[in-house]
Amino acid sequence: DLLICSPYIGRAGVDLFLSYTPACLRQTGRVAVLTDLSPINICQAATDVQAVAALRQCASLAVLRHLPRVHAKVYVADSTCAIITSANLTAGGLFRNYEYGIEIADVEAVARVRSEIENYGELGALVTDDDLLAFCKVAGKLRESFQAFQRSVKRKLRQQFTRDLRQAEDH
(Lines give C-alpha, C1' and ligand atoms only; values in the text may rest on other atoms or scores of the structure.)
Protein backbone atom coordinates (compact mmCIF):
# COMPACT_ATOMS: atom_id res chain seq x y z
CA ASP A 1 0.00 0.00 0.00
CA LEU A 2 1.55 3.24 -1.13
CA LEU A 3 0.35 6.83 -0.80
CA ILE A 4 2.07 9.49 -2.91
CA CYS A 5 1.41 13.19 -2.53
CA SER A 6 3.48 15.30 -4.89
CA PRO A 7 2.44 18.33 -6.91
CA TYR A 8 4.87 17.46 -9.70
CA ILE A 9 5.42 13.98 -11.08
CA GLY A 10 7.92 13.23 -13.82
CA ARG A 11 9.08 10.25 -15.83
CA ALA A 12 12.36 9.86 -13.91
CA GLY A 13 10.56 9.77 -10.56
CA VAL A 14 8.04 7.23 -11.75
CA ASP A 15 10.73 5.10 -13.40
CA LEU A 16 12.72 5.05 -10.15
CA PHE A 17 9.61 4.09 -8.22
CA LEU A 18 8.68 1.37 -10.71
CA SER A 19 12.20 -0.10 -10.57
CA TYR A 20 11.64 -0.80 -6.85
CA THR A 21 8.00 -1.86 -7.06
CA PRO A 22 7.56 -5.38 -5.71
CA ALA A 23 5.42 -7.88 -7.59
CA CYS A 24 2.93 -8.04 -4.71
CA LEU A 25 2.10 -4.34 -5.17
CA ARG A 26 1.49 -4.88 -8.86
CA GLN A 27 -0.71 -7.93 -8.20
CA THR A 28 -2.67 -7.09 -5.05
CA GLY A 29 -1.47 -3.70 -3.87
CA ARG A 30 -2.95 -0.25 -3.69
CA VAL A 31 -1.47 3.04 -4.88
CA ALA A 32 -3.11 6.35 -4.07
CA VAL A 33 -1.74 9.46 -5.80
CA LEU A 34 -2.55 13.06 -4.98
CA THR A 35 -1.12 15.57 -7.44
CA ASP A 36 -1.80 18.80 -9.31
CA LEU A 37 -2.83 18.15 -12.92
CA SER A 38 -3.33 21.84 -13.70
CA PRO A 39 -2.74 22.72 -17.36
CA ILE A 40 0.12 25.12 -16.56
CA ASN A 41 2.02 22.26 -14.88
CA ILE A 42 1.60 20.23 -18.06
CA CYS A 43 2.63 23.14 -20.32
CA GLN A 44 5.77 23.80 -18.32
CA ALA A 45 6.57 20.06 -18.17
CA ALA A 46 6.50 20.13 -14.37
CA THR A 47 4.19 17.12 -14.54
CA ASP A 48 4.28 14.38 -17.14
CA VAL A 49 0.74 13.03 -17.57
CA GLN A 50 2.04 9.87 -19.25
CA ALA A 51 4.21 9.23 -16.17
CA VAL A 52 1.18 9.74 -13.92
CA ALA A 53 -0.71 7.21 -16.05
CA ALA A 54 2.13 4.69 -15.69
CA LEU A 55 2.15 5.23 -11.94
CA ARG A 56 -1.58 4.70 -11.78
CA GLN A 57 -1.27 1.39 -13.62
CA CYS A 58 1.46 -0.08 -11.43
CA ALA A 59 -0.91 -1.55 -8.86
CA SER A 60 -4.03 -3.67 -8.99
CA LEU A 61 -5.95 -0.92 -7.19
CA ALA A 62 -5.09 2.70 -7.96
CA VAL A 63 -6.71 5.96 -6.98
CA LEU A 64 -5.72 9.27 -8.52
CA ARG A 65 -6.87 12.64 -7.24
CA HIS A 66 -6.25 16.09 -8.70
CA LEU A 67 -5.92 18.89 -6.15
CA PRO A 68 -4.97 22.24 -7.68
CA ARG A 69 -2.22 24.04 -5.76
CA VAL A 70 -1.32 21.03 -3.64
CA HIS A 71 2.26 21.61 -2.51
CA ALA A 72 2.90 18.86 0.06
CA LYS A 73 5.38 16.10 -0.72
CA VAL A 74 4.58 13.04 1.36
CA TYR A 75 5.25 9.39 0.64
CA VAL A 76 3.74 6.66 2.85
CA ALA A 77 4.47 2.95 2.51
CA ASP A 78 2.03 0.58 4.19
CA SER A 79 1.70 1.55 7.84
CA THR A 80 5.41 1.34 8.53
CA CYS A 81 7.10 4.33 6.92
CA ALA A 82 6.32 7.90 5.94
CA ILE A 83 8.64 10.42 4.33
CA ILE A 84 7.79 14.10 4.52
CA THR A 85 10.11 15.99 2.23
CA SER A 86 10.67 18.95 -0.02
CA ALA A 87 11.29 16.57 -2.96
CA ASN A 88 8.79 16.17 -5.78
CA LEU A 89 8.58 12.85 -7.63
CA THR A 90 10.72 14.27 -10.45
CA ALA A 91 14.31 14.05 -11.64
CA GLY A 92 15.06 17.39 -10.01
CA GLY A 93 13.48 16.39 -6.73
CA LEU A 94 15.19 13.02 -6.60
CA PHE A 95 18.55 13.56 -8.29
CA ARG A 96 19.51 17.20 -8.88
CA ASN A 97 18.11 19.51 -6.24
CA TYR A 98 19.24 19.89 -2.67
CA GLU A 99 16.19 18.57 -0.87
CA TYR A 100 15.45 17.67 2.71
CA GLY A 101 13.10 15.17 4.25
CA ILE A 102 12.29 13.27 7.38
CA GLU A 103 11.53 9.57 7.58
CA ILE A 104 8.99 8.51 10.17
CA ALA A 105 8.90 4.88 11.29
CA ASP A 106 6.66 5.16 14.36
CA VAL A 107 3.49 3.22 13.47
CA GLU A 108 1.13 5.66 15.21
CA ALA A 109 2.76 8.70 13.60
CA VAL A 110 2.72 7.02 10.16
CA ALA A 111 -0.99 6.24 10.57
CA ARG A 112 -1.67 9.87 11.49
CA VAL A 113 0.29 11.17 8.49
CA ARG A 114 -1.54 8.75 6.16
CA SER A 115 -4.92 9.74 7.55
CA GLU A 116 -4.20 13.45 7.25
CA ILE A 117 -3.00 13.19 3.64
CA GLU A 118 -5.95 10.98 2.68
CA ASN A 119 -8.34 13.51 4.25
CA TYR A 120 -6.49 16.29 2.46
CA GLY A 121 -6.89 14.36 -0.78
CA GLU A 122 -10.67 14.27 -0.33
CA LEU A 123 -10.60 17.98 -1.24
CA GLY A 124 -9.44 16.99 -4.72
CA ALA A 125 -11.28 15.55 -7.69
CA LEU A 126 -11.21 11.83 -8.33
CA VAL A 127 -9.63 11.12 -11.74
CA THR A 128 -10.90 7.97 -13.45
CA ASP A 129 -9.01 5.92 -16.05
CA ASP A 130 -11.19 7.47 -18.78
CA ASP A 131 -10.54 10.97 -17.41
CA LEU A 132 -6.81 10.35 -17.40
CA LEU A 133 -6.82 8.92 -20.93
CA ALA A 134 -8.70 11.95 -22.22
CA PHE A 135 -6.42 14.27 -20.30
CA CYS A 136 -3.33 12.59 -21.79
CA LYS A 137 -4.65 13.44 -25.26
CA VAL A 138 -5.45 17.03 -24.29
CA ALA A 139 -2.10 17.39 -22.51
CA GLY A 140 -0.20 16.39 -25.64
CA LYS A 141 -2.00 19.00 -27.70
CA LEU A 142 -1.62 21.60 -24.95
CA ARG A 143 2.12 20.94 -24.63
CA GLU A 144 2.59 21.22 -28.41
CA SER A 145 0.72 24.52 -28.61
CA PHE A 146 2.66 25.89 -25.63
CA GLN A 147 5.96 24.97 -27.29
CA ALA A 148 4.82 26.60 -30.54
CA PHE A 149 3.84 29.69 -28.57
CA GLN A 150 7.29 29.80 -26.97
CA ARG A 151 8.97 29.47 -30.37
CA SER A 152 6.83 32.26 -31.79
CA VAL A 153 8.15 34.86 -29.36
CA LYS A 154 10.21 37.35 -31.31
CA ARG A 155 13.87 36.45 -31.55
CA LYS A 156 14.98 39.78 -30.16
CA LEU A 157 12.85 39.28 -27.03
CA ARG A 158 14.22 35.76 -26.55
CA GLN A 159 17.77 37.05 -26.85
CA GLN A 160 17.09 39.84 -24.35
CA PHE A 161 15.52 37.37 -21.94
CA THR A 162 18.51 35.03 -22.27
CA ARG A 163 20.89 37.92 -21.50
CA ASP A 164 18.80 39.04 -18.52
CA LEU A 165 18.57 35.49 -17.21
CA ARG A 166 22.32 34.92 -17.47
CA GLN A 167 23.00 38.24 -15.77
CA ALA A 168 20.62 37.35 -12.96
CA GLU A 169 22.23 33.92 -12.55
CA ASP A 170 25.71 35.49 -12.51
CA HIS A 171 24.63 38.07 -9.96
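See the structure above.
Residues numbered from 1 in each chain as written. Predicted model: local features only at pLDDT ≥ 70, side-chain atom pairs only at ≥ 80, totals over all residues. Heavy atoms only, no water.

Participant: How do you make sense of the overall build of the chain when you look at a structure like this?
Facilitator: The helix and strand tally for the chain stands at eight helices and seven strands. Seen through its principal axes, the chain has C-alpha atoms that stretch 55 × 40 × 30 Å. The buried share among the 171 residues of the chain stands at 39%. Pairs at least 24 apart in sequence give 78% of the contacts found in the chain among residues at least 6 apart. For the chain, the exposed surface amounts to about 10600 Å²; the carbon and sulfur share of it is 56%. Positive and negative side-chain charges of the chain, numbering 20 and 19 respectively, have mean locations separated by a distance of 13 Å. (Helix = DSSP H or I, 4+ residues; strand = E, 2+ residues; numbered from the N terminus. Buried < 20%, exposed > 50% of the residue type's maximum accessible area, 1.4 Å probe, protein only. Contact = heavy atoms within 4.5 Å. Areas by Shrake-Rupley, 256 points an atom, 1.4 Å probe, with all protein chains shown as cover. Lys, Arg positive; Asp, Glu negative; His and termini not counted. Charge placed at Lys NZ, Arg CZ, Asp CG, Glu CD.)

Participant: Looking at this structure, I do not really get the pattern of salt bridges. What am I missing?
Facilitator: Any two side chains of opposite charge can pair, so long as their charged atoms come close to each other. According to the stated counting rule, one finds seven salt bridges in the structure shown. Residues Asp1 and Arg114 are paired through a salt bridge, measuring 3.1 Å at the closest nitrogen-oxygen approach. Taken as a pair, Asp1 in the segment before strand S1 (2-5) and Arg114 in helix H6 (residues 107-121) lie far apart in primary sequence, 113 residues in all. Assessed through its relative accessible area of 33%, Asp1 is described here as partly exposed. Judged by its relative accessible area of 12%, Arg114 is buried. Residues Asp129 and Arg56 are paired through a salt bridge, measuring 2.4 Å at the closest nitrogen-oxygen approach. In this pair, Asp129 is assigned in helix H7 (residues 129-152) and Arg56 in helix H4 (residues 49-56), connecting sequence segments 73 residues apart. (Salt bridge = Lys/Arg side-chain N within 4 Å of Asp/Glu carboxyl O.)

Participant: How do you make sense of the side chain of Arg56 when you look at a structure like this?
Facilitator: You can call Arg56 buried: its relative accessible area is 11%. Discounting chain neighbours no more than four positions away, the residues touching Arg56 are Ala62, Val63, Leu64, Val127, Thr128, Asp129 and Leu132.

Participant: In this structure, what is going on with H7? I would like to understand it.
Facilitator: Since the α-helix advances by 3.6 residues per turn, residues separated by three or four positions end up pointing in the same direction. A rise of 1.5 Å per residue sets the reference length of H7, with its 24 residues, at 34 Å; its end C-alpha atoms lie 35 Å apart and thus fit the reference within 8%. Buried residues along H7 sit in contact with helix H3 (39-43), H4, strand S3 (61-66) and strand S7 (125-127). (Expected span 1.5 Å × (residues − 1).)

Participant: Whenever I open this one, the packing of H4 against H7 confuses me. Can you help?
Facilitator: Relative placement of two packed helices is described by the angle separating their axes and the distance separating the axes. Between H4 and H7, the shortest axis-to-axis distance is 9 Å and the interhelical angle comes to 160°. With respect to H7, the axis of H4 lies roughly antiparallel. Judged by the sense of rotation from one axis to the other, the crossing of H4 with H7 is left-handed. Across from Val49, Gln50, Val52, Ala53 and Arg56 in H4, the residues of H7 making contact are Asp129, Leu132, Phe135, Cys136 and Ala139. (Axes fitted to C-alpha atoms, helices over the stretch in contact; angles between N-to-C directions. Parallel < 35°, antiparallel > 145°, perpendicular 65-115°, else oblique. Left-handed = near helix turned anticlockwise from the far one by under 90°.)

Participant: Explanation requested: the side chain of Ser6 in the structure shown.
Facilitator: Position of Ser6 relative to the elements: it lies in the loop between S1 and helix H1 (11-19). From its side chain, Ser6 meets the backbone oxygen of Tyr8 in a polar contact 2.8 Å long. Apart from the residues lying within four places of it in its own chain, the contact partners of Ser6 are Leu34, Thr35, Asp36, Ala72, Lys73, Tyr75, Asn88 and Leu89. (Polar contact = N/O pair within 3.5 Å; in protein donor to acceptor, adjacent residues only side chain to side chain.)

Participant: In this structure, what is going on with the pairing of S1? I would like to understand it.
Facilitator: Within a regular strand, the side chains alternate between the two sheet faces. With burial as the criterion, each face of S1 is covered, one bearing Leu2 and Ile4 and the other bearing Leu3 and Cys5. Note: S1 against strand S2 (residues 30-35), four bridges, orientation parallel. Bridge pairing links Leu2 to Val31 in S2. (Pairing = 2+ DSSP bridges.)

Participant: Looking at this structure, how should I read the packing of H1 against H4?
Facilitator: The geometry of H1 relative to H4 is characterised by a closest axis approach of 8 Å and an angle of 20° between their N-to-C directions. Between H1 and H4, the interaxial angle falls into the category roughly parallel. In the crossing of H1 with H4, the sense of the turn from one axis to the other is left-handed. Taken together, the residues of H4 that come into contact with H1 (itself represented by Arg11, Val14 and Phe17) are Gln50, Ala51, Ala54 and Leu55.

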